[in-house]
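Residue-level structure breakdown
Residues per chain, in single letters:
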Amino acid sequence: MKQIQAYIKPHMLNEVTLALQKIEGLRGMSVVDTRGFGRKKEGKRAYPDIDELLDFAQYAKIEIFCQDDLVNELVSVIDRAAYTGLRGDGKIYVTDVVIAWKIGKGMIRKEEL
């Protein structure tokens, strides 16, 4: 089982959601409005001589828990649907899920997901 976390531009959320809904086997997703900032490689600042306050960019964070065999398709769909070609399109992370627990029901077996 895997967890996919995708940080995308908020105005791309509709397009990404519509693309994801076409994938058979996707059981659901969560979305959180969030803010963040990033730096250029090697921590270079845009204006190195000026102490700058970094503005936070708005992002939509998508969280999906899925079976391993769906990961490549889901990541590919998110990547294509969220791409604008502009700086800061976002990031996608995939991590292993060790245990899933349904509150009040106990541990969830792989075939129940």
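That block above? That's the structure.
Residues numbered from 1 in each chain as written. Predicted model: local features only at pLDDT ≥ 70, side-chain atom pairs only at ≥ 80, totals over all residues. Heavy atoms only, no water.

Another aspect to go through is the pairing of strand 1 (residues 2-8). Of all seven residues in strand 1, six are buried, a share of seventy percent or more. Here seven bridges tie strand 1 to strand 3 (residues 57-66), and the two strands are oriented antiparallel to one another. Following the sheet pairing, glutamine 5 is matched in strand 3 by glutamate 63. As defined by bridge partners, strand 1 adjoins strand 4 (residues 90-96) across seven bridges and the pair is classed as antiparallel. Residue pairing for strand 4: isoleucine 8 is matched across the bridge by glycine 90. (Buried < 20%, exposed > 50% of the residue type's maximum accessible area, 1.4 Å probe, protein only. Helix = DSSP H or I, 4+ residues; strand = E, 2+ residues; numbered from the N terminus. Pairing = 2+ DSSP bridges.)

Look at helix 1 (residues 13-20) against helix 2 (residues 71-82): their axes get within 9 Å of each other, and the N-to-C directions meet at 145°. The two elements helix 1 and helix 2 meet at a crossing, and its hand is right-handed. Across the interface between the two elements, Glu15, Val16, Ala19 and Leu20 from helix 1 touch Leu74, Val77, Ile78, Ala81 and Ala82 from helix 2. Of the residues that constitute the contact of helix 1 with helix 2, the class distribution is eight nonpolar, no polar and one charged. (Axes fitted to C-alpha atoms, helices over the stretch in contact; angles between N-to-C directions. Left-handed = near helix turned anticlockwise from the far one by under 90°. Contact = heavy atoms within 4.5 Å. Nonpolar A, V, L, I, M, F, W, Y, C, P; charged D, E, K, R; others polar.)

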